[in-house]
Amino acid sequence: MPCSPITPLRRAAFVLALALLAGCGGKPVPAHHAVDTHPDDACAVCGMYLDGSPGPRAEAWISGRVKPLVFDSTRDFFAYVLQPENQASLQELFVQDSARIDWQQPAHAAASFIDARTASYVAWQPLAGSMGPTLAPFASRTVAEAFVREHGGAVLGFAEITPALVATLDYRCPARATGAHSTLQCLAAPTPSLGLSSHPQAAPSPAHPHPHP
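Starting from 1, residues in each chain are numbered consecutively following that chain's sequence as written. Per-residue local features are limited, in this predicted model, to residues with pLDDT of at least 70; the limit for side-chain atom pairs, both in listing and counting, is 80 or more; totals at the level of whole chains, interfaces and linings are taken over all residues. As a rule here, side-chain values cover all heavy atoms of the structure and leave hydrogens and water aside.

As recorded by an unreviewed UniProt entry, the protein chain carries the name Nitrous oxide reductase and is attributed to Rhodanobacter lindaniclasticus.

Quick look at the pairing of strand E9 (residues 154-157) now. The alternating pattern of E9 places Ala154 and Leu156 and Val155 and Gly157 on opposite faces, both of which are buried. Only when DSSP finds a minimum of two bridges between them are two strands counted as paired. Note on conventions: DSSP H or I runs of at least 4 residues are helices, E runs of at least 2 residues are strands, and numbering of each starts at the N terminus. Bridge count for strand E5 (residues 120-123) against E9 is four bridges, and the pairing is antiparallel. Its bridge partner being in E9, Ala123 is matched across the sheet by Ala154. Only protein chains enter the accessibility calculation, which uses a 1.4 Å probe; a residue is then buried when its area is under 20% of its type maximum, exposed when over 50%, and partly exposed in between.

Attention shifts here to the pattern of salt bridges. Once their charged atoms are close, side chains differing in charge can pair, the charge on each being opposite to the other. Throughout this description, the term salt bridge denotes a Lys or Arg side-chain nitrogen within 4 Å of a carboxyl oxygen of Asp or Glu. Within the structure shown, the criterion is met by two salt bridges. Ionic pairing is found between Arg141 and Glu145, a salt bridge with its closest N-O pair at 3.3 Å. Here Glu145 and Arg141 lie together in helix H3 (residues 141-151), a separation of four residues that amounts to about one turn. For Arg141, a relative accessible area of 42% corresponds to the partly exposed category. Judged by relative accessible area, which is 32%, Glu145 ranks as partly exposed.

In C-alpha cells:
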C-alpha cells in the first residue's frame, strides 16, 4: 500500500511534535557552581575589597547575572539574602567552610565553598569577620559543635538565621535568646587563658586555635 504524501499541514505537525519531545526530554539548565574569588572582588553589600579581609566569604547566584555576587563576610551575605525583595531572584548560594580556610587569610579557591543552605553556622563566636561579628559556616555539624566547645557560640541551620539575629550579632552569647531562639543553647566563649585573645580582631584561626608557645 503506497504511503500518503506528506502535506504541509502534516509536516508542520510533525515538526511541532519533535520540538515538544525534545523539550520534554531535554536536560534542565545546569546548576551554578561556586567560583574562585579574587582579591579585587568587592562585597555586594559594603563595597569593600576581599583583599586582606578575615573570615569566611560567600557567593550568591542571582537570576539574570552571568557571575555571582560576592560577599566579604557571612554577616553581609545573610543581610542580603534575607531581604524579602531579594528572595525571588536567589539561585545557588555558597559560603566558605571554616574548616578549609585560614581565618585570617581565607583562600580564594572555589573548592573552599560549600552549599550555604545545608551548612551549619556558629553564631556568637569570638572570631571577627571583615565587618566585625560574623557567622562561622561548616560543612559538618559535628565539626561545628567541636568549634563551639572550643570557642563558644551556638550552632544554627540556614533556616534558623533571621534578619534580627544578623542585625544584633555579637561576639558573645545574648543575655537572653528571644523568639525562635528562646531555647537555644549558647556556650560562653572560653577565657583568654585557654588560648583565645580577649580582643576579637586578634583571635586565632579555627585551624590553629591555640598560639604556639
